[in-house]
Amino acid sequence: MTLTPTFSPTRALQVGASAWFVAATLGQWAFVLFILAFFGGHTLGGDLAGLNDKPHVTGYVPGDTFGNLQFIAHALMGGIVTFSGTWQLVPALRRRWPHIHRWNGRLFLGISLLGALSGLYLTWIRGSRLGTGSNVSITLNGLLILAFATMAWRSALQRDFVRHRRHALRAFLLVNGVWFLRIGIMLAGLVLAPLGVEINYQGMVFVGVSFASWVLPLAVLELYLRAERSQRAAPRYAMGGTLGVLALLMLAGSAAAVAFMWLPALSPGSAP
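Predicted model, so just to flag it, every value in this text is computed and none were measured. Just so you know, the residues in each chain are numbered from 1, in the order the chain's sequence is written. Side-chain atom pairs in this predicted model are given and counted only at pLDDT of 80 or more, local residue features only at pLDDT of at least 70, and totals for whole chains, interfaces and linings cover all residues. Only hydrogens and water are set aside when side-chain values are computed; all heavy atoms of the structure are taken into account.

Colleague: How should I be thinking about the pattern of salt bridges in this particular structure?
Modeller: Pairing between side chains becomes possible if they bear opposite charge and their charged atoms approach one another. A carboxyl oxygen of Asp or Glu within 4 Å of a side-chain nitrogen of Lys or Arg is what we treat as a salt bridge. Scanning the entire structure with this criterion turns up four salt bridges. Put simply, D160 and R163 hold a salt bridge, and the shortest N to O gap is 3.7 Å. D160 sits in the partly exposed class, given a relative accessible area of 27%. Only protein chains enter the accessibility calculation, which uses a 1.4 Å probe. A residue is then buried if its area is under 20% of the maximum for its type, exposed if over 50%, and partly exposed in between. Judged by relative accessible area, R163 falls into the partly exposed class, the value being 45%. A salt bridge links E222 to R170, with the shortest nitrogen-to-oxygen separation between them at 2.9 Å. Here the residue E222 occupies a position in helix α8 (residues 204-229), and R170 occupies one in helix α6 (residues 161-175), the gap between them amounting to 52 residues. Where helices and strands are cited, they refer to DSSP runs of H or I of at least four residues and of E of at least two residues respectively, numbered from the N terminus.

Colleague: In this structure, what is going on with the environment of M250? I would like to understand it.
Modeller: As for its placement among the helices and strands, M250 is situated in helix α9 (residues 233-266). By relative accessible area, M250 is classed as buried at 6%. When the C-alpha positions of M250 and I183 are compared, they lie 6.9 Å apart, and in sequence the two are 67 residues distant. M250 has contacts with W20, A23, A24, W179, F180 and I183, leaving out every residue within four places of it along the chain. Contact definition: two residues touch when any of their heavy atoms are within 4.5 Å.

Colleague: Explanation requested: the packing of aromatic side chains in the structure shown.
Modeller: The description of an aromatic ring pair uses the distance of the two centres, along with the angle that the planes make with each other. Ring pairs are drawn from Phe, Tyr and Trp, using the six-membered ring of Trp, whenever the two centres fall within 6.5 Å, and their geometry is named by plane angle: stacked under 30 degrees, edge-to-face over 60, tilted for the rest. Inspection of every chain in the model, using the stated rule, returns 11 aromatic pairs. Their ring planes at 25° and their centres at 5.1 Å tell us that F31 and W262 sit as a pair that is stacked. With a gap of 231 residues between them, F31 in helix α1 (residues 9-44) and W262 in helix α9 connect regions that are remote in the sequence. Residue F31 shares its accessibility class with W262, and that shared class is buried. Their ring planes at 15° and their centres at 5.5 Å tell us that F34 and F38 sit as a pair that is stacked. One end of the pair, F34, and the other, F38, are both in helix α1, four residues apart, so they sit about a helical turn from each other. Members of the aromatic cluster, each reached through a chain of ring pairs, are F31, F34, F38, F39, F71 and W262.

Colleague: Could you clarify how one ought to interpret the side chain of S84 in this entry?
Modeller: Looking at the element boundaries, S84 is found in helix α2 (residues 65-88). Other than its neighbours up to four places away in sequence, S84 contacts N104, L107 and F108.

Colleague: Honestly, the packing of α8 against α9 in this entry has me stumped. Any pointers?
Modeller: A pair of packed helices is captured by two measures, namely the crossing angle of their axes and the spacing between those axes. Note on method: axes are straight lines fitted to C-alpha atoms, helices fitted across the in-contact stretch only, with angles between N-to-C directions ranging 0 to 180 degrees. The geometry of α8 relative to α9 is characterised by a closest axis approach of 9 Å and an angle of 145° between their N-to-C directions. Note that α8 runs across α9; the crossing there is left-handed. Counted together, V220, L223, Y224, A227 and E228 of α8 and P235, R236, M239, L243 and L246 of α9 form the full contact between these two elements. Each residue is assigned to one of three groups, with Ala, Val, Leu, Ile, Met, Phe, Trp, Tyr, Cys and Pro labelled nonpolar, Asp, Glu, Lys and Arg labelled charged, and all others, Gly among them, labelled polar. Here the contact of α8 with α9 is built from residues that sort into eight nonpolar, no polar and two charged. Less than a right angle of anticlockwise turn of the near helix away from the far helix marks a crossing as left-handed, whereas a clockwise turn marks it as right-handed.

Colleague: Teacher, can you tell me more about a nonpolar patch on the surface here?
Modeller: A patch consists of residues exposed above 30% relative accessible area that lack any salt bridge, with like charges linked at up to 9 Å and nonpolar side chains (Val, Leu, Ile, Met, Phe, Trp, Tyr) linked at up to 5 Å. Under the convention used here, a 1.4 Å probe and the Shrake-Rupley method define accessible areas, while residue burial counts only the protein chains that appear. A cluster of nonpolar side chains, V22, L26, L248 and L251, forms an exposed patch at the surface whose accessible area comes to about 390 Å². For the nonpolar patch, the secondary-structure elements that each account for two or more residues are α1 and α9. Position of L248 relative to the elements: it lies in helix α9.

What follows is the structure, encoded as structure tokens:
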């Protein structure tokens, strides 16, 4: 009599991916709630100057109507595309309501393109620049969003859904680079602050986290796709375990961001 393993390689990979998705969704939706409360609240209340209660490289500038519109729109589009993107990863949505998946996908890809363009505008035309290293990272991230969002759209039109899925996943991770950056800074702070290492916009730690915020997720995705296609058990078990560890790290980084970055910014008189 042959016994079938209860935790097969395929199951291990699925459990790891599910854990990663749940952790990412919780953290990203917390970010979305902050964006809606802070940017949406000040904008709807007509208190645009209040947007500067949270430090920005270049925030609200009196008299700069177009720049202010781009700044606010970029932030709000970030919240919309983050919320929209997580729903695209839910298999039940694709199976049971494919029309919703298609229209939500159009929304996600369309806003991704607009958000990337507005981010490049804010960086290179409005002048919201942190430093050379960070500028290069932001620019590469934005250009890759434009490339993969376009390829995801074209492959969907061509009904090449295998390529569409891969390009859309890459676009999803790149769009969320701004979220990965924040939880990455929080994790780096939790590790380095007790050692007396200061994190600032010009320092190597910040620049390193900036690049890692989109390079690392893309690398993990490629390993996941390879494990998914592999017929060997070891890569699937290894990838499932890796995703589980990453899920725990994302939860820790998200909790730190909520406690030390987002909630203080929503409290009048508190430093973000």
